Amino acid sequence: MKYRINLISKSPIMIGEKKTKSNYFKSLNNFPGSVFYAALAKEISYRCFYNETKEFDENNNEKMFWVKEGKVDNKDCMKNDCSVKNLCRMFKKIKVSHFYPFGLGVLPLTAKVSKDYGDKICDILHENILMDLDYEEYKKIRKKYENEFGRVENKKGLNIYSRNDFDYKTYKCFIEEDYHLITRSAIDPLRKSAEYGSLFSYDLLKSIKLNRKIEEYGKDTIEEDNFTGYIKIDSDNEKIKENIINEIINLDNIYLGGMISIGYGKCNIDNINREPLNLNKTDSIVDRINNFNKYLKKYNMKDKIYIPILLESDAYIFDNFGTKINDLNSKSGLNPSNIETEDYKELIKNEFIKDKELSSEFTLEKIFAEYESLRGFDTSKQIGFLRDISIVMKSGSVILMSIKKIDAKIMGYLEKISSDGIGEKNEYGFGAVKICDDFHNKYKRNLS
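Residues numbered from 1 in each chain as written. Predicted model: local features only at pLDDT ≥ 70, side-chain atom pairs only at ≥ 80, totals over all residues. Heavy atoms only, no water.

A.B. asks: I tried to follow the sheet that holds strand 21 (residues 433-435) on my own but got confused; where do I start?
C.D. replies: The strands making up a sheet are joined through hydrogen bonds of the backbone, oriented either antiparallel or parallel. The 4 strands lie next to each other as 17-20-16-21, forming an open sheet whose pairing is antiparallel. Edge positions in the sheet fall to strand 17 (363-368) and strand 21, since each has one partner strand and no second. Each neighbouring strand pair of the sheet contributes to a mean axis angle of 20 degrees, computed without reference to strand direction. In this sheet, strand 20 (residues 398-403) lies alongside strand 17 in antiparallel orientation, the contact comprising 5 bridges. Residue pairing in the sheet places Ile367 in a bridge with Ile399 of strand 20. Sitting on the sheet, helix 11 (residues 408-420) is in contact with strand 16 (305-311), strand 20 and strand 21, with an inclination near 145 degrees to strand 21. (Pairing = 2+ DSSP bridges. Helix = DSSP H or I, 4+ residues; strand = E, 2+ residues; numbered from the N terminus. Axes fitted to C-alpha atoms, helices over the stretch in contact; angles between N-to-C directions. Contact = heavy atoms within 4.5 Å.)

A.B. asks: Which parts of the structure should I look at to understand the sheet that holds strand 7 (residues 121-123)?
C.D. replies: Reading across the sheet, the 3 strands line up as 7-6-8 and stay open at both edges, with antiparallel pairing between neighbours. Every other strand in the sheet has two partners, leaving strand 7 and strand 8 (152-154) as the edge strands with one partner each. The average undirected angle you get between the axes of adjacent strands in this sheet is 40 degrees. In this sheet, strand 8 lies alongside strand 6 (residues 111-114) in antiparallel orientation, the contact comprising 3 bridges. Among the inter-strand pairings, Ser114 is bridged to a residue of strand 8, identified as Val152.

A.B. asks: Help me out: how do you make sense of the nonpolar core in this one?
C.D. replies: A general tendency of soluble globular proteins is for nonpolar side chains to be buried together. Of all hydrophobic cores here, the largest spans 53 residues; its most connected members are Ile5, Leu7, Phe31, Phe36, Ile254 and Leu256. A per-element tally of this core places helix 1 (residues 33-47) first, with 7 residues. If we ignore the near neighbours within four places in the chain, the residues touching Leu7 are Phe31, Phe36, Phe99, Asp225, Asn226, Phe227, Ile254, Leu256, Cys267, Asn268, Ile269 and Asp270. Formed by 42 residues, the second largest nonpolar core is a distinct cluster that contains Ile307, Phe362, Met393 and Val398. (Core = buried A, V, L, I, M, F, W, Y, C linked by side-chain atoms within 4.5 Å. Buried < 20%, exposed > 50% of the residue type's maximum accessible area, 1.4 Å probe, protein only.)

A.B. asks: Can you help me understand the pattern of salt bridges in this one?
C.D. replies: When the charged atoms of two side chains with opposite charge come close together, those side chains can pair. Tallying each qualifying case throughout the model produces 12 salt bridges. For Lys394, the salt bridge is made with Glu372, and the minimal N-O distance between the two is 2.8 Å. Here Lys394, found in the loop between strand 19 (390-393) and strand 20, pairs with Glu372, found in strand 18 (residues 371-374); they are 22 residues apart in sequence, far enough to count as distant. Residue classification places Lys394 among the buried positions, given a relative accessible area of 15%. (Salt bridge = Lys/Arg side-chain N within 4 Å of Asp/Glu carboxyl O.)

A.B. asks: Teacher, can you tell me more about the packing of aromatic side chains here?
C.D. replies: Where two aromatic rings form a pair, the distance of their centres and the angle of their planes describe that pair. Applying the stated criterion to the full structure yields 9 aromatic pairs. When the centroid spacing of 5.7 Å and the interplanar angle of 50 degrees are considered together, the rings of Phe31 and Phe227 count as tilted. With Phe31 in the loop between strand 2 (24-26) and helix 1 and Phe227 in strand 13 (residues 226-233), the pair connects residues that are 196 residues apart, well separated along the chain. Exposure class is identical for Phe31 and Phe227. Each is buried. Ring centres 5.1 Å apart and planes at 90 degrees place the aromatic pair Tyr316 and Phe430 in the edge-to-face group. Of this pair, Tyr316 sits in the loop between strand 16 and helix 8 (321-332) while Phe430 sits in the loop between helix 11 and strand 21, placing them 114 residues apart in sequence. Phe430 sits in the buried class, given a relative accessible area of 10%. Through pairs of rings, three or more aromatic residues link up here, namely Phe31, Phe36, Phe99 and Phe227. The ring of Tyr316 is capped by Lys425, whose NZ or CZ atom sits 4.3 Å from the centre of that ring. The aromatic ring of Tyr295 is capped on one face by Lys444, whose charged end is 5.1 Å from the ring centroid. (Phe/Tyr/Trp six-rings, centres within 6.5 Å; stacked < 30°, edge-to-face > 60°. Lys NZ or Arg CZ within 6 Å of the ring centre and 35° of its normal.)

What follows is the structure, given as structure tokens:
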């Protein structure tokens, strides 16, 4: 059960990403659930009557902005008129999604845009499946749409094409971003002057608009500076859920991302939809799977049921993945660049389908993915320590699975990963997936 939450940006935002240059930082136009989670932790710490109580990790290093689970069980704490006592007590039970502008998601990596005919958008997943046909037969099919799209190239970014409140083919919608560039110089603490060669720049997201362009009427703005995400509270007590929602609403303002000490990152909590949203009903997943495969049956591809899985956020699915690769190398006597494709696909499949009994029912057909290695410092510690390197599969990646038939166990598992996500750090919104995203059907290139 999820609650929809809207945030309105009131000052430029700096949401960091992996640095491409040593002295230039550009903000993302969306932010992970961990950023919102950290903002809630700061608000709790600021309001806590017992904030002077220090917390330490296993290495005896003090943790910063640490919310201790169960702190409000203390009788003295419960007596105080704390405005966030329920939020604090249930903090570990709260899960947060990623926040995207205007409730938009990410485009799948199967999205392409025409290089010859304006901004015509299409999805190539269906035709990639049809490539498994006899090649000569596939060439006959392909000729039917080459004249319509011509050459195509990759299209990345936010998915503005699947909103239900307008038809993209009628209204040419686009996102307009305005960034605020500031340049600073680091100060040498000994000389009390500018440090040599220390200029650095921040490109902060000042505003973001969703515009609609109609040929006869020009441009109008549909929404502005609105970020939407979801929170989930793991509790059966409806009263506690209601109290937590009220406490979050009463925070009014929160500060997200970096440079908040000088006023950046300010957001208003606009509203929270109090009606729990069951966003992943089993029957809707079945409908999407059937609609996706309906088109393929025209070409007698009836032996398999195809299930595309779209990553709506980055996924930390490679737990001990390097060890598994090394084990595979030692058995085959190969280096990582020479691993057999089928062995690699089997490893990826097992990271998505953790249920060993069901894993044999799935076959990984194709992978459209990007990967990234992440490292950094744990800023919850007073003395920064390097994190272990993590390899993540990037949002927008598409994993195409197939099964022989649909049964209750398979649908139950698909419903579970649609609700809970895959991999690690699901409580921060990582590993969110969607089964058979509507974009694949809505923008497929018709071959007949």
